[in-house]
Amino acid sequence: MKIIKAKDYNDMSRKAANIISAQVIMKPNAVLGLATGTTPIGAYAQLVKWYNKGDIDFSEVTTINLDEYKGLDGTHPQSYRYFMNEHLFNHINIDINNTHVPNGKDEDSDHACEEYNRIINKAGGIDLQLLGIGLDGHIGFNEPGTAFELGTHCVKLTESTIQANSRLFDSIDEVPKEAYTMGVKTIMQARKVLMIASGANKAEILKESFFGPVTPQVPASILQMHPDVILIADKEALSLIE
Ligand code: PGA
């Protein structure tokens with residue numbers, strides 16, 4: 001694993017965007033695994049800036065997002081499809097048909113998950129997977145205790161995740177209780193993984209994930225077994241890691 005220390009959030013975002021754009025330059029038809037959350041917003045904004053300068057071409061890129069709330073349509077402002085359109089896809093020359101997010105409106109979990117696995121396989125797997133990390137060590141919506149060998153599956157969100165995400169909804173009752181998520185197996189099959197983290201509140205979980213035991217209780221800890229992981233984090237997030 002490679003750990004890159006960033007000065008601050010902006011520096012982390014630029015460094016991450018650099019790695020993503022290098023991937024697209026090296027392989028114009030790259031398959032990018034993308035993430036939502038507050039952490040990647042700056043990296044997406046940087047990619048949009050470089051696209052506007054003519055430095056990156058997304059016309060052949062395919063994207064596969066980690067997760068989506070079950071029950072939310074892509075037009076719902078808190079859906080992850082909406083987030084991706086707003087922060088990235090609407091501002092670059094990607095073919096929207098090549099951007100994939102699990103179908104939150106499909107009430108049939110087995111069908112929705114099988115369909116997503118089919119999309120991932122058809123794309124030939126993921127070249128570069130961008131990840132944030134939850135305070136409980138979740139990656140995607142793979143919460144503590146999730147089996148490492150799962151592909152796309154439907155999860156019941158933990159109270160702590162519902163609580164953390166409620167800041168984005170009008171009330172906690174509106175936060176969906178379930179989500180579709182790419183499984184740890186699929187994340188581990190990505191050829192390269194790029195995790196980004198910022199802020200002191202991520203320090204403890206980063207230390208646990210990368211220097212503690214590998215256990216489903218800390219889903220991100222499995223990344224210790226991945227052959228090509230880069231962690232870019234700011235000083236605060238790395239404060240417990242020497
Ligand atoms: P955050 O979420 O980027 O909003 O901190 C990370 C995550 O839950 O994966």
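Overview of the structure.

The rules we used
- Residues numbered from 1 in each chain as written.
- Predicted model: local features only at pLDDT ≥ 70, side-chain atom pairs only at ≥ 80, totals over all residues.
- Heavy atoms only, no water.
- Buried < 20%, exposed > 50% of the residue type's maximum accessible area, 1.4 Å probe, protein only.
- Helix = DSSP H or I, 4+ residues; strand = E, 2+ residues; numbered from the N terminus.
- Pairing = 2+ DSSP bridges.
- Right-handed = clockwise from strand over helix to strand, strands pointing away.
- Arc of directions from axis to C-beta.
- Contact = heavy atoms within 4.5 Å.
- Salt bridge = Lys/Arg side-chain N within 4 Å of Asp/Glu carboxyl O.

### Brief notes about the pairing of strand β10 (residues 229–234)
- In terms of burial, β10 is a largely internal element, six of the six residues being buried.
- Residues Val229, Leu231 and Ala233 point to one face of β10 and Ile230, Ile232 and Asp234 to the other, with burial holding for every one of them.
- With five bridges connecting them, strand β1 (residues 2–6) and β10 associate as parallel partners. Across the sheet, isoleucine 3 pairs through a bridge with leucine 231, a residue of β10.
- Pairing between strand β9 (residues 192–197) and β10: five bridges, direction parallel. Following the sheet pairing, leucine 194 is matched in β10 by isoleucine 230.
- Traced from β9 through helix α7 (residues 203–211) to β10, the parallel crossover comes out right-handed.

### Remarks on α7
- Within α7, burial applies to Ala203, Ile205, Leu206, Ser209 and Phe210. Buried positions in α7, seen along its axis, are confined to an arc of 165 degrees and lie on one side of it.
- In this structure, the buried side of α7 is in contact with β9 and β10.

### Things to note about the pattern of salt bridges
- Within the structure shown, the criterion is met by nine salt bridges.
- Here arginine 118 and glutamate 115 are joined by a salt bridge, their closest N and O atoms 2.8 Å apart. Residue arginine 118 and its partner glutamate 115 are both found in helix α4 (residues 109–122); the two are separated by three residues, about one turn of the helix.
- According to the relative accessible area criterion, glutamate 115 is partly exposed, its value standing at 31%.
- A network of salt bridges, in which partner residues are shared, links Asp11, Arg14 and Lys15.

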